[in-house]
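Inside the fold
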Amino acid sequence: MNVYKLSEALSLTPLAMPDVDREVTSCYTGDLLSWVMGRASADCVWVTIMTNINTVAVATLVDASMVIIAENAEIAPEVVERAREKGVNLYTSPLDAYALCAAISRYL
Amino acid sequence: MADSVRLEYMIDGDNFTSAGEASVMVKKSLRQMGFDPETIRKVSVAMYEGEINMVIHAQGGKATVDVYDDKIVIVLADRGPGIPDIELAMQAGYSTAPDNIRSLGFGAGMGLPNMKKYTDEMTIESEVGVGTTITMVVNV
Ligand SMILES: Nc1ncnc2c1ncn2[C@@H]1O[C@H](COP(=O)(O)OP(=O)(O)OP(=O)(O)O)[C@@H](O)[C@H]1O
Ligand SMILES: [Mg+2]
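Residues numbered from 1 in each chain as written. Chains lettered and ligands numbered in written order. Predicted model: local features only at pLDDT ≥ 70, side-chain atom pairs only at ≥ 80, totals over all residues. Heavy atoms only, no water.

Here we come to unusual backbone geometry. All names here are of chain A. Positive phi outside glycine occurs at D63, with the angle close to 65°. Tracing the backbone through its elements, the reader meets D63 in the loop between α3 (53–61) and β4 (66–69). On the basis of relative accessible area, D63 is assigned to the buried category, the value being 15%. With a phi close to 45°, N72 is a non-glycine residue in the positive phi region. By the element assignment, N72 lies in the loop between β4 and α4 (77–86). (Helix = DSSP H or I, 4+ residues; strand = E, 2+ residues; numbered from the N terminus. Buried < 20%, exposed > 50% of the residue type's maximum accessible area, 1.4 Å probe, protein only.)

Below you can see the structure in the form of structure tokens.
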């Protein structure tokens, strides 16, 4: 499923959507960045509550297709701007990581 | 293997907002040079972990990336405090990162293990009070 369709299916709020035609082939959730770097696959959707600027760098480097910020965790405008610049699809949702991942599992 | 391209970056030790920029630039360059996505991912993740370590643990340093047809060599050199016990530092979960760094999502103690995992060769030379040089090779 592509980023756009998944975001619609999950009723996500878009923050940055530079490349919504990308395919999503797996899902990873976690907030410790080195765990994410070690475990997340390319083309994944990454679900996290970590919203600092390094989130964007990690998403870029692991080649995540999209990032979903769970529980509407607060995110600074600079971080959203950086995601746009770096081509990272970034969304937010009121659901927690468990609910998001459970829902995502129905579509992947 | 005659030709190689050298990319060099100074890593700023007290700028967390730009931390990781060098790795992102290397990623972009490798993509332009036409390397496959998996090779690019390995190089950029390994380099990012090393780059962040230099920012967090060593007040910055220098990154040099030599790109050959058949391999990519990353050298990260700093004049930080050095690593007293390399074997211990390499263990998954070992970290001396302070709380303010942990609240940013770092400090899981997985950086050095990731660097080893994503590269074909990795050597650490370190002397306490002098600095650390980490050399990583990813075969293409
Ligand atoms: N360049 C360096 N200079 C001095 N000490 C270092 C350096 N790199 C790593 N270390 C030491 O090795 C430890 C383990 O490093 P590692 O990258 O595995 O974990 P971390 O940086 O603490 O956390 P994480 O990488 O998971 O965010 C560090 O906590 C630090 O004590
Ligand atoms: Mg580290």
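After that view of the structure, there is still more to cover.
This part is about the pattern of salt bridges. Taken as a whole, this structure holds seven salt bridges over all chains when the rule is applied. The shortest N-O distance in the salt bridge between B:E21 and A:R82 comes to 3.3 Å. You can see B:E21 sitting in helix α1 (residues 21–32) and its partner A:R82 sitting in helix α4, one on each of two chains. By relative accessible area, B:E21 is classed as partly exposed at 23%. Residue B:E8 pairs with B:K62 through a salt bridge whose shortest N-O separation is 3.2 Å. Here the residue B:E8 occupies a position in strand β1 (residues 5–12), and B:K62 occupies one in strand β2 (residues 60–67), the gap between them amounting to 54 residues. Each member of the salt-bridge network shares a partner with another, and the members are A:R82, A:K86 and B:E21. (Salt bridge = Lys/Arg side-chain N within 4 Å of Asp/Glu carboxyl O.)

What follows concerns the site of ligand 1. In the vicinity of ligand 1 there are 21 residues, among which B:S95, B:T96, B:G107, B:G109 and B:M110 approach most closely. Chains contributing residues near ligand 1 are chains A and B. A:S34 places a polar side-chain atom, nitrogen or oxygen, 3.0 Å from an oxygen atom of ligand 1. Taking B:H57, its side chain carries an N or O atom lying 2.9 Å from an oxygen atom of ligand 1. Considered on its own, ligand 1 offers 600 Å² of accessible surface; in the complex 96% of this is hidden by protein. When atoms are counted within 2 Å of each cavity's grid points, the one that captures over half of ligand 1 is the largest pocket. Partitioning the shell around ligand 1 into residue classes produces nine nonpolar, 10 polar and two charged. (Near = heavy atom within 4 Å. Polar contact = N/O pair within 3.5 Å; in protein donor to acceptor, adjacent residues only side chain to side chain. Areas by Shrake-Rupley, 256 points an atom, 1.4 Å probe, with all protein chains shown as cover. 1 Å grid on protein atoms, 1.4 Å probe; cavity = no way out; pocket = protein on both sides within 12 Å on 5 of 7 lines; lining within 4 Å. Sits in = over half its atoms within 2 Å of the grid points. Nonpolar A, V, L, I, M, F, W, Y, C, P; charged D, E, K, R; others polar.)

Just distances and angles here, no functional claims.
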